[in-house]
Structures are given as structure tokens and as C-alpha cells.
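Fold and geometry: a report
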Amino acid sequence: RKEVEQDPGPFNVPEGATVAFNCTYSNSASQSFFWYRQDCRKEPKLLMSVYSSGNEDGRFTAQLNRASQYISLLIRDSKLSDSATYLCVVGSGTYKYIFGTGTRLKVLA
Amino acid sequence: ETGVTQTPRHLVMGMTNKKSLKCEQHLGHNAMYWYKQSAKKPLELMFVYSLEERVENNSVPSRFSPECPNSSHLFLHLHTLQPEDSALYLCASSQAGGSYEQYFGPGTRLTVT
């Protein structure tokens, strides 16, 4: 089993749709969780950290489920500019980050 | 200057060349990282420096040699690379001491011919 698993997609959704991604992790001792966005041939950019109680930033909501060992990202009212690859990152110790392979999102006009 | 910068942005080198990648961060962080990203693979951590000391070396071949002269600068020295080393090399920085948010530079796209 991979340490961090994501559905590679692509998820093709119309503008204005709501879309959700999940990411599962294998190490129950993992301590920190992040979602990054990566555009084609660019660097990953931090989208949001994921907190135990869940957190929201505008149209983006992140949730953590420690019991089932997954995190989720919900995007409401999708925009064309949301098209990108979304990377799940799990911190499992000091300086130890495990990256998922990413989920590709295409928002269609 | 903002965030994390990397130079050069693109590099083509032969297998016998020696070159260096440079990274600079302007975020006041004390930890810096080198990652390799190959097509369709997750980011692979290569090296971590915290407070200018190397704290992680993930079985990286010796043809890659990191250097961290101070907490703002990080180098990756390259020599006698192989074509399979062609990839995007990303530098990142974070606060030291845990697994905090990382901020990435734009990367150097390396092609080894």
C-alpha cells in the first residue's frame, strides 16, 4: 500500500460545479496535512493546511478524518482557473513529507 | 524579492559536465529542501538542511552534492549525471523543527544529454 494515495483523475467538471477529492494515508502517526495546487510545468503552491476540526478558505474546504485516515478537499463553484493538479501532502515526522501523485482537475466551460 | 527563487530555470548539460543549481529563500525560514519531480511520479525528497546542517539524505547518488552556506541559500552541485536524472528539481523552505508548510521555488528543469 502506498503511503499516500490519490485518485489520479482527471476529474472533468463544468464551471460552477462542486467537486471533492479524497486522499488516504497509511501512517496513523502522521501529524500534519496539506493540499497543494500544481499547474502544468510549475511548482506546487500551498493551497491550505488541513486542521483537525476542518477548515475553509473561500470556496475551498478541507477535512481530516483521523479514524479512517483520509483528508478531503471540496471545491465549490468551480472556476476555469481551478484547473490544475491537486497534491495531497502528509507530514509524518520532522522534515518527513510524503507527497501523493496528485489528482488532475479540469473545469470545463 | 519574494518567496523562494531558483536559478537557472532551465539547464541542458552533457553527462560529463559539472553545473550547480542555486536556491534562495526570503521567508526567514531555517529549513531548506531539494526535491526531484519526474514525469508521473510524486515528488521525491533528496536532501534536507536545518539550521545549515544536513538532516536528511534519502539515498541520493553521490553525483548530486548539496551545499548550504547559510539559512537563506542552498545549492545542488551536479557532476557526471545520467539521462535518467532529467527532471524538475525543486527547492523548498519551511520553519525548522517539525513538518510545517513548505514553500517551493519555481524549479530548474534539467535535461541531461
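Quantities reported herein were computed from a predicted structural model and do not represent experimental measurements.

**What to know about the state of the cysteines**
Inspection of every chain in the model, using the stated rule, returns two disulfides over all chains. Disulfide pairing places A:Cys23 opposite A:Cys88 at an S-S distance of 1.9 Å. Between A:Cys23 and A:Cys88, the S-S dihedral sits near -70°, and the bridge is therefore left-handed. Separated by 65 residues along the polypeptide, A:Cys23 in strand β3 (residues 19–25) and A:Cys88 in strand β9 (residues 84–91) bring together distant segments of the chain. By the burial criterion, A:Cys23 is buried, and A:Cys88 matches it. Disulfide pairing is shown between B:Cys23 and B:Cys91; the S-S distance is 1.9 Å. Between B:Cys23 and B:Cys91, the S-S torsion sits near -70°, and that sign places the bridge as left-handed. In this pair, B:Cys23 is assigned in strand β3 (residues 18–25) and B:Cys91 in strand β9 (residues 87–94), connecting sequence segments 68 residues apart. Residue B:Cys23 is classed as buried on the basis of its relative accessible area of 0%. Between B:Cys68, a free cysteine, and B:Cys91, which holds the nearest cysteine sulfur, the sulfur-to-sulfur gap is 9.1 Å.

**Regarding the layout of surface pockets**
Gaps between atoms show up when a probe of the same size as a water molecule is rolled over them. The space that makes up the largest pocket amounts to roughly 800 Å³. Along its surface, the largest pocket is lined by 28 residues, and A:Gln38, A:Thr85, B:Gln37, B:Ala39 and B:Lys40 are the ones closest to its centre. Looking at the lining of the largest pocket, the elements with two or more residues in it are β9 and β11 (103–108) of chain A together with β9 of chain B. Looking at the lining of the largest pocket, the element that brings in the most residues is β11(A), giving four residues.

**Considering the interface of chain B and chain A**
With 25 residues of chain B at the contact, the number on the chain A side is 22 residues. Interface area, chain B with chain A, both sides summed: about 1800 Å², of which 55% is carbon and sulfur. Together, B:Ser99, B:Glu101 and B:Phe104 form the three largest contributors to the area buried by chain B at its contact with chain A, with a combined 29%. Our count for the chain B to chain A interface comes out at nine residue pairs in polar contact (both at pLDDT 80 or more). Elements with a contribution of two residues or more to the side of chain B that touches chain A: β4 (31–37), β5 (44–50), β9 and β10 (103–104) of chain B. When residues in the side of chain B that touches chain A are grouped by element, the largest group, four residues, is from β4(B). Taken together, the residues that form the side of chain B that touches chain A break down as 15 nonpolar, eight polar and two charged.

**Examining the sheet that holds strand β7 (residues 60–65) of chain A**
Residues and elements named next belong to chain A. Read from one edge of the open sheet, five strands run β1-β3-β8-β7-β6, paired in antiparallel fashion. Two strands bound the open sheet, and with one partner strand each, they are β1 (4–6) and β6 (55–57). This sheet shows a mean twist of 20° between the axes of neighbouring strands, independent of strand direction. Note: β3 against strand β8 (residues 70–75), six bridges, orientation antiparallel.

**Topic: the packing of aromatic side chains**
Residue and element names in this part refer to chain A. Under the criterion given, the structure shown has 14 aromatic pairs over all chains. On the basis of an interplanar angle of 85° and a centroid distance of 5.2 Å, the ring pair of Phe-11 and Phe-21 is categorised as edge-to-face. Pair noted here: Phe-11 is in strand β2 (residues 11–14) and Phe-21 is in strand β3, with a separation of 10 residues, a long-range link. We classify Phe-21 as buried; its relative accessible area is 1%.

Criteria and thresholds
- Residues numbered from 1 in each chain as written.
- Chains lettered and ligands numbered in written order.
- Predicted model: local features only at pLDDT ≥ 70, side-chain atom pairs only at ≥ 80, totals over all residues.
- Heavy atoms only, no water.
- Disulfide = S-S within 2.5 Å.
- Helix = DSSP H or I, 4+ residues; strand = E, 2+ residues; numbered from the N terminus.
- Buried < 20%, exposed > 50% of the residue type's maximum accessible area, 1.4 Å probe, protein only.
- 1 Å grid on protein atoms, 1.4 Å probe; cavity = no way out; pocket = protein on both sides within 12 Å on 5 of 7 lines; lining within 4 Å.
- Points joined across faces, edges and corners; volume = space filled by probe spheres on them.
- Contact = heavy atoms within 4.5 Å.
- Buried area = accessible area lost by both parts, 1.4 Å probe.
- Polar contact = N/O pair within 3.5 Å; in protein donor to acceptor, adjacent residues only side chain to side chain.
- Nonpolar A, V, L, I, M, F, W, Y, C, P; charged D, E, K, R; others polar.
- Pairing = 2+ DSSP bridges.
- Axes fitted to C-alpha atoms, helices over the stretch in contact; angles between N-to-C directions.
- Phe/Tyr/Trp six-rings, centres within 6.5 Å; stacked < 30°, edge-to-face > 60°.

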